[in-house]
There are 2 protein chains.
Amino acid sequence: MVAPIIPILKEIVGEENVVTGEEALEPYSHDETFGLKFFANVVVKPLNASQVSEILKLANHQKIPVTPRGAGTGVSGGALPCQGGIVLSLERMNKIKEIDLENLMVITEPGVITGELGKEVEKQGLFYPPDPASLDSCSIGGNIAECAGGPRAFKYGVTKNYVCGLEVVFPTGEISHLGGKIVKNVTGYDLISLIIGSEGTLGVVTEATLRLLPLPRCKIDLLVPFNSLTEMTKAVVKIIHQCIIPATMEFMEKKAVLACENFLQKKLPASEAEAQLFIELDGETKEELQTQYERLGEIALQFGAMDILVAEERPSQERLWEARRMLTEAITAKSPIREREDVVVPRREISDLMSELKKLEEKYGLEIISFGHLGDGNVHVNILKGEVAQEEWQERLPCLIRDLFQKVIDLGGVISGEHGIGLSKKSYLSLGLDLTQIELMKRIKQAFDPNNILNPGKIFDLSRTP
Amino acid sequence: MVAPIIPILKEIVGEENVVTGEEALEPYSHDETFGLKFFANVVVKPLNASQVSEILKLANHQKIPVTPRGAGTGVSGGALPCQGGIVLSLERMNKIKEIDLENLMVITEPGVITGELGKEVEKQGLFYPPDPASLDSCSIGGNIAECAGGPRAFKYGVTKNYVCGLEVVFPTGEISHLGGKIVKNVTGYDLISLIIGSEGTLGVVTEATLRLLPLPRCKIDLLVPFNSLTEMTKAVVKIIHQCIIPATMEFMEKKAVLACENFLQKKLPASEAEAQLFIELDGETKEELQTQYERLGEIALQFGAMDILVAEERPSQERLWEARRMLTEAITAKSPIREREDVVVPRREISDLMSELKKLEEKYGLEIISFGHLGDGNVHVNILKGEVAQEEWQERLPCLIRDLFQKVIDLGGVISGEHGIGLSKKSYLSLGLDLTQIELMKRIKQAFDPNNILNPGKIFDLSRTP
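The notes below deal with the structure included here. (Residues numbered from 1 in each chain as written. Chains lettered and ligands numbered in written order. Predicted model: local features only at pLDDT ≥ 70, side-chain atom pairs only at ≥ 80, totals over all residues. Heavy atoms only, no water.)

## So, the side chain of Glu361 of chain B
No. 1: Position of Glu361 of chain B among the secondary structure elements: in helix H12 (residues 350–364).
No. 2: Look at Glu361 of chain B and you get buried, because its relative accessible area is 19%. (Helix = DSSP H or I, 4+ residues; strand = E, 2+ residues; numbered from the N terminus. Buried < 20%, exposed > 50% of the residue type's maximum accessible area, 1.4 Å probe, protein only.)

As structure tokens, this is what we get:
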């Protein structure tokens, strides 16, 4: 089915940008989701929107699945060609086209690495806040597909709060320009917001206009250990209510800190605490931040904070955040096989969620390590296989996840805050959304992609039209 | 067509909440859009989502148009029953259900007046930023339908940045709960953002969960007159780039100030300047704001500001903003018949747009008075009929608007930033959006509303299915 069109694909993007053969296709067969591997028939690497359009027109005509792919750092399998066909890799579309210092906007291609974009705009005194953990390897296009967040989302919001314009190629091949260098727009339905977070199922983003902020001049980092997560949550609620809005409010439970100590083979600060709160304050002057952290410190102490460690300079800041940054590797080292969820609950319910996680650990005999964005109520729940036999792992894991998601829903939350549904959470979608919503989403998908060729099999299943 | 179902409507909402007869229907036949008047056959006033659902099921079954209506303050005709049928007035659903001090959320019914909601949350030390000019009379439901903005949108964003959860009744009668007391959510497509700004065409919002902020403790207002709008724009660009983010950055051209002087019959401060910049700084301490306004003042003076008037206390703040607040009435007094547009251009292009407006004034012999949100690039363009004969007004106006919109598009802007397309800008939609986008929007509408009963004839025309 795909073989006959390979010569045409080579004409569109050039022979050197068409990849075939198992070995060459292997790097495109997985992302950062554990245990998922799907081979495409062919990978194509277009250079611009018009090549993307030609590829999509061809695929749409032939009804061949096309899976768009950014940097492959997703953790829900969104970029995997689960139905074979074409992987459309945006890796060559990696140029920052313009940094507009007067309108505070950057125009970028989707293949630009998020961290690189951050560094480039910083050179101009500007700031692109979204900071997913995979900052140094993920791409802007992938961030838009998943509506990526990160620690700074607490103060600054997620990817969708920064996208003002998009060039999109729709599944049937039309190229459209949505929005622009503008922050207000009520001209018809908000197609930009619909594209963001649609996991590459509604269109291929070939250019994005992103809003920038002026770069805050000063930062202060704090590490605040607590002996009770409930009290920590109360402290955070109070801090926010007192008008102190840090850039980040991250937490790690004790087990997470210990995993890092074990991984780094050294003692980390305050690792005996039940939970650690990592706070970054940013602003214009050191004085302003010092006033803030004094007020914040007082509140934390009222709620039983054990200490308040402050880092005002880069080296000590790096040391303070070392554990947080190493965490993913530390957990992987502890158990290479693990499942990561990124549930969200109302901020106030985090301690309830944590109690539930303890119960689930006992019920299923699987270790759970949690950390995440306390300010957002967004908790990264890591379920470890450890020494558990493969068969039991496969049996217990889906039940544990289902229990977890049900609890999250009961607490008024949602099953994914950053990672998306993709392939790996598809079977749980109906827990989080009612049938009307899922049906509407399917109809929207059909409105955009009548032949269901673009990233089929993601978020929900849809039968292909005959 | 409608008469036979009136008894059923009375059963659903009670006899006293069904309005018929020309006199009683008159208040529901117009909004704040000049020159539009359409009578419904009946107005119904439901009390809850389940009544709304029953009404929509009935109307959908009978294929009767239903036009949802908030407070009727819209300026693009979105709430007018242009195809007759039922007006669904949400006026009785006017309760604030919960102010959640721990999660900083408010749950409200759609009929609550935006300014009332603001006052209620302020009593708890909280802050709901969106502040459309009609604050004291518009409703939250209408704000969601139009994605309302306001002066504070510059710093704080528009309505969509605050909506975390919605209860929606879809046109076919299903009641769904989207999102919740959560700020991150990537569970399937972003239906919430799609509903916001859809002008009541995709669903009826019966409850909203809105994010709140802590209330800033201090405010300082500045009035900065300039003798050149170009220099004023440059100053604003520089101020923002220097990391000073005021709550509002409003401007009024000289003619707008003079219209206010005439209306108020008194001299206003700095009314001789070519343009006035109104700035509101907000924050935690007076000291912080003083530092900011000193830096801001220096920049403004570099760009030729004629003066910097500062108001730190409520009474002087009120005086400073008097002209800005009276502006709509002042312009109406000058010319009761007038057209208002709310175009958006990249911030940097505002002075180009203003030059274009001067040219259009001359070309068409119609007076234009402009003011608006300089920080957002969102300009309210008022085209005055004045003494021009009705026939000539009707001939020249659409040509002027078309020229204006084309210039806005050429400058990289959009034709509406706050008011929506509704009925009055429908014929210009294809200037701002390409055919692919309009076609996708129509298909989305069909996906939600297969019989095209909900607010039909708004944004675009869609033939009703047979």
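## Describing the relation of the copies chain A and chain B
No. 1: Between chain A and chain B, the superposition needs a rotation of 180° and an axial shift of 0.0 Å, giving an RMSD of 0.0 Å. The two molecules are tied by a two-fold rotation axis, judged by turn and shift.
No. 2: A shared binding surface is used by both copies, with 100% of the interface residues of chain A retained as interface residues in chain B. (Least-squares fit on C-alpha atoms with pLDDT ≥ 70 in both. Contact = heavy atoms within 4.5 Å.)

## As for the interface of chain A and chain B
No. 1: Each partner contributes to the interface: chain A provides 82 residues, whereas chain B provides 82 residues.
No. 2: With both chains or domains summed, chain A and chain B bury close to 6400 Å², and 61% of this area falls on carbon and sulfur atoms.
No. 3: Our count for the chain A to chain B interface comes out at ten salt bridges.
No. 4: Elements that contribute at least two residues to the side of chain A that touches chain B include exactly strand E9 (175–179), helix H7 (191–195), helix H8 (229–241) and helix H15 (435–448) of chain A.
No. 5: Looking at which element gives the most residues to the side of chain A that touches chain B, the answer is H15 of chain A, with nine residues.
No. 6: Split into classes, the residues belonging to the side of chain A that touches chain B amount to 38 nonpolar, 25 polar and 19 charged. (Buried area = accessible area lost by both parts, 1.4 Å probe. Salt bridge = Lys/Arg side-chain N within 4 Å of Asp/Glu carboxyl O. Nonpolar A, V, L, I, M, F, W, Y, C, P; charged D, E, K, R; others polar.)

## Quick look at the packing of helix H8 (residues 229–241) of chain B against H12 of chain B
Describing two packed helices takes the angle between their axes plus the distance from one axis to the other.
Residue and element names in this part refer to chain B.
No. 1: Packing of H8 against H12 brings their axes to within 9 Å, and their N-to-C directions diverge by 160°. Judged by the angle between their axes, H8 and H12 are roughly antiparallel. Considering the relative orientation of H8 and H12, their crossing is right-handed. Residues Leu229, Thr230 and Thr233 of H8 lie in contact with H12, whose contacting residues are Ile350, Ser351 and Met354.
No. 2: A per-class count over the contact of H8 with H12 returns three nonpolar, three polar and no charged. (Axes fitted to C-alpha atoms, helices over the stretch in contact; angles between N-to-C directions. Parallel < 35°, antiparallel > 145°, perpendicular 65-115°, else oblique. Left-handed = near helix turned anticlockwise from the far one by under 90°.)

## Focus on the pattern of salt bridges
Between side chains of opposite charge, pairing is possible as soon as their charged atoms come close.
No. 1: What the rule picks out here adds up to 62 salt bridges over all chains.
No. 2: Its salt-bridge partner being Asp376 of chain B, residue Lys184 of chain A comes within 2.9 Å of it at the nearest N-O pair. Placement of Lys184 of chain A in the loop between E9 and H7 and of Asp376 of chain B in the loop between strand E17 (367–373) and strand E18 (378–384) is noted, with the two residues assigned to different chains.

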